[in-house]
Amino acid sequence: MKLISVASEKGGVGKTTTAVTLAAHLAVKGNTLLVDADERLQSASKWTSKNAGYTWAFETTLYSNFTRQTFERDAYDFVVLDTKGGEGQEELVDLARNSALLIVPTKPDGVSADGLVATLAPLIGHDVRNYRVLITDVPPAPNADGLDLRLELDRAEIPMFSRDIRHAVAVSKAAREGVSVRDVKGDRYAKLVWLDYEVVVREVMRDVR
Ligand SMILES: Nc1ncnc2c1ncn2[C@@H]1O[C@H](COP(=O)(O)OP(=O)(O)OP(=O)(O)O)[C@@H](O)[C@H]1O
Ligand SMILES: [Mg+2]
């Protein structure tokens, strides 16, 4: 079982979007479980349960359920953990150590980037290396925020996924309709966001092998 965690100090940076879309991609490759550790908002659980007419290729469960001894963890090839965000430093380091890979999403705006520093500092301080930053919700050119952040992270030698996730209204549509972004109808950007995540998943597979 490969545990892939999605976490960040800052809220609203695309953790749930990343966890749900990643699980949808990984489900093609093996038995996949999405664990919702945001027990207050339960955004991931709501997203994957609100559309009764839609079938997900993976299962979803709450963290409290997942941690029960009786839970059959070994039945899964991939477990994707969506966190609530704002974990303490120790918690974040523990999470990374217990995961095959920790994905740290960030939006390219200044406030999110500040939150990113708060997330990465304890990881770097504890010499944790199995994490990667994912730049999400990147506005189209001529806006250069995504590029600027990438250059800045590159200078600091922070590991990143090679592909950004573009900004697309299809993402909120998918959550609203309770479907994977791949299956949002009548919006060709939905497919493009799905393909952005596909590139990310290829790198995830290489990392957790
Ligand atoms: N690629 C994208 N394009 C457009 N909107 C996006 C994109 N990624 C995320 N969003 C939007 O940003 C908001 C926050 O995303 P999401 O819920 O995935 O973040 P989160 O980190 O899980 O937030 P929270 O801290 O509240 O759990 C949502 O409204 C979502 O639709
Ligand atoms: Mg969330």
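Bear in mind the structure is a predicted one, so any value in this text is a computation, not a measurement. (Residues numbered from 1 in each chain as written. Chains lettered and ligands numbered in written order. Predicted model: local features only at pLDDT ≥ 70, side-chain atom pairs only at ≥ 80, totals over all residues. Heavy atoms only, no water.)

As a further point, take the site of ligand 1. Inspection of the region around ligand 1 gives 16 residues, with G12, K15, T16, T17 and K107 positioned closest. Contact between ligand 1 and K15: an oxygen atom at 2.8 Å from a side-chain N or O atom of the residue. Contacts to ligand 1 include A168, whose backbone N or O atom sits 2.9 Å from a nitrogen atom. Calculation on ligand 1 without its partners gives an accessible area of 630 Å², and the protein chains cover 77% of this total. (Near = heavy atom within 4 Å. Polar contact = N/O pair within 3.5 Å; in protein donor to acceptor, adjacent residues only side chain to side chain. Areas by Shrake-Rupley, 256 points an atom, 1.4 Å probe, with all protein chains shown as cover.)

Where burial is concerned, most of strand β6 (residues 131-135) is hidden: five out of the five residues are buried. In the classification by handedness, the crossover that spans strand β5 (residues 101-106), the intervening helix α5 (residues 110-125) and the parallel β6 is right-handed. (Buried < 20%, exposed > 50% of the residue type's maximum accessible area, 1.4 Å probe, protein only. Helix = DSSP H or I, 4+ residues; strand = E, 2+ residues; numbered from the N terminus. Right-handed = clockwise from strand over helix to strand, strands pointing away.)

As a further point, take the sheet that holds strand β1 (residues 2-6). Hydrogen bonds along the backbone pair up the strands of a sheet, which may run parallel or antiparallel. With respect to topology, six strands assemble into an open sheet ordered β3-β2-β4-β1-β5-β6, the strand pairing being parallel. Since the sheet does not close on itself, it has two edges, and those belong to β3 (59-62) and β6, each with one partner. Each strand of the sheet is rotated relative to its neighbour by a mean of 25 degrees, with strand direction disregarded. Pairing geometry for strand β2 (residues 32-36) and strand β4 (residues 78-82), over five bridges, is parallel. Residue pairing for β4: D36 is matched across the bridge by D82. Lying on the sheet, helix α6 (residues 145-155) is in contact with β5 and β6; it crosses β6 at an angle near 160 degrees. (Pairing = 2+ DSSP bridges. Axes fitted to C-alpha atoms, helices over the stretch in contact; angles between N-to-C directions. Contact = heavy atoms within 4.5 Å.)

Looking now at the packing of helix α4 (residues 89-98) against α5. Viewed as axis vectors pointing N to C, α4 and α5 meet at an angle of 65 degrees, and their least axial separation amounts to 9 Å. Two packed elements cross with a definite hand, and for α4 against α5 that hand is right-handed. Touching Q89, L92, V93 and A96 of α4 are T119, P122 and L123, all from α5. Tallied by class, residues from the contact of α4 with α5 come to five nonpolar, two polar and no charged. (Left-handed = near helix turned anticlockwise from the far one by under 90°. Nonpolar A, V, L, I, M, F, W, Y, C, P; charged D, E, K, R; others polar.)

Moving on, we come to the environment of A144. As for its position among the elements, A144 is in the loop between β6 and α6. You can call A144 partly exposed: its relative accessible area is 31%.

Right, let's get into α4. Among all positions of α4, only L92, V93, L95 and A96 are buried. One side of α4 carries all its buried residues, which in axial view fall inside an arc of 160 degrees. The exposed set on the far side of α4, more than 90 degrees from its buried face, consists of E90, R97 and N98. Tucked inside the fold, the buried residues of α4 contact β1, β4, β5 and α5. (Arc of directions from axis to C-beta.)

Turning our attention to the pattern of salt bridges. Counted according to the given criterion, the structure contains 12 salt bridges. Across the salt bridge formed by R129 and D127, the nearest N and O atoms sit 2.9 Å from each other. A relative accessible area of 65% means that R129 is categorised as exposed. Two residues, R202 and E198, come together in a salt bridge whose shortest N-O distance is 3.5 Å. Residue R202 and its partner E198 are located together in helix α8 (residues 188-208), separated by four residues, close to a single helical turn. Residue classification places R202 among the partly exposed positions, given a relative accessible area of 48%. (Salt bridge = Lys/Arg side-chain N within 4 Å of Asp/Glu carboxyl O.)

With respect to the helices and strands, D82 occurs in strand β4. Buried and unpaired, D82 has no salt bridge, with K15 as the nearest side chain of opposite charge at 6.2 Å. A polar contact of 2.7 Å, which involves the side chain of D82, links it to the side chain of T16. Once residues lying within four places of it in the same chain are set aside, the contact partners of D82 are V6, K15, T16, A19, V35, D36, A37, D38 and A44. (Lys, Arg positive; Asp, Glu negative; His and termini not counted.)

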